[in-house]
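# Structure at a glance
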Amino acid sequence: TVPTSGRRERRLAAVVGGFAIVSATASMSVAAQSSLPGDTLYPLKRAIESAQTGLERAPEQRGAAMLDHASGRLDEVAALTRDGSGDARAISDTLHDFAEQADAASLVLTDDFEATGREESISDLREFASESRTVLEGLESAVPADARPSLVEAGRVYAAMPPLHRIEVTGGRGRAGKEYLYTYT
């Protein structure tokens, strides 16, 4: 038989080991949040974002998370261009990711608006479009020449969005039983 103190030591070692693994994972997740494209922890950052978005059940919350992640891509481009020595490939890839995420969020939020008449979905999209346009304009002089086509592509996201400034809820009945009618005036 194993002495009682040996069992306790093994249990204590298992608990301490488990705590160390959880702590290390949490520390890596926190460190990954500030990583930039090209950094070792950047794939972990993107995986965490993807998981967060996937956990959102409601379309308006999923769309808002997607907009937040797209805004994060612009923050990354700003950080990559800050000192003027940013890698054009990383900047181009990040601008492309911004465009894809913004487009996907736009679809989720406009679909939610059309299905429910929930005006918050459109107001979130309007605010995002305005803020992103300002950031993209500010990046124009900082983005390397090789990355300019990606900057133009990112700017075209707005051309694909519905005319957000002209959406108005005026009446009618939605799929969820809520009365609404949206018009592009």
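Keep in mind the model is a prediction, meaning the values are calculated, not measured.

From N to C terminus, the protein chain includes seven helices and two strands. The buried share of the protein chain, taken over its 185 residues, is 34%. Considering only contacts within the protein chain whose residues lie at least 6 apart along the sequence, 61% involve residues at least 24 apart. When the accessible surface of the protein chain is split by element, carbon and sulfur atoms take 55% of a total near 10,900 Å².

Its location among the elements puts P59 in helix α3 (residues 59-81). Since its relative accessible area comes to 31%, P59 is described here as partly exposed. Sequence-wise, P59 and V108 are 49 residues apart; in three dimensions their C-alpha atoms are separated by 6.4 Å. Once you skip the residues sitting within four places of it in the chain, P59 turns out to touch V108, L109 and D112.

The next thing to look at is the nonpolar core. Ranked by size, the top nonpolar core spans 24 residues in total, and within it I91, L95, F98, L136 and V143 carry the most contacts. Mapped onto this core, the elements with two or more residues apiece are α3, α4 (88-116), α5 (119-139) and α6 (148-155).

Parts of the model with low pLDDT should not have their predicted coordinates read in detail. Here the protein chain averages 80 in pLDDT, while 72% of its residues score no lower than 70. Within the protein chain, strand β2 (residues 182-184) has the poorest average pLDDT of any element, 44, and α3 the best, 95. Note on residues 172-185: pLDDT under 50 across the span, and 40 contacts to partners over four residues away in sequence or across chains.

Reading the values: the criteria
- Residues numbered from 1 in each chain as written.
- Predicted model: local features only at pLDDT ≥ 70, side-chain atom pairs only at ≥ 80, totals over all residues.
- Heavy atoms only, no water.
- Helix = DSSP H or I, 4+ residues; strand = E, 2+ residues; numbered from the N terminus.
- Buried < 20%, exposed > 50% of the residue type's maximum accessible area, 1.4 Å probe, protein only.
- Contact = heavy atoms within 4.5 Å.
- Areas by Shrake-Rupley, 256 points an atom, 1.4 Å probe, with all protein chains shown as cover.
- Core = buried A, V, L, I, M, F, W, Y, C linked by side-chain atoms within 4.5 Å.
- pLDDT = per-residue confidence, 0-100.

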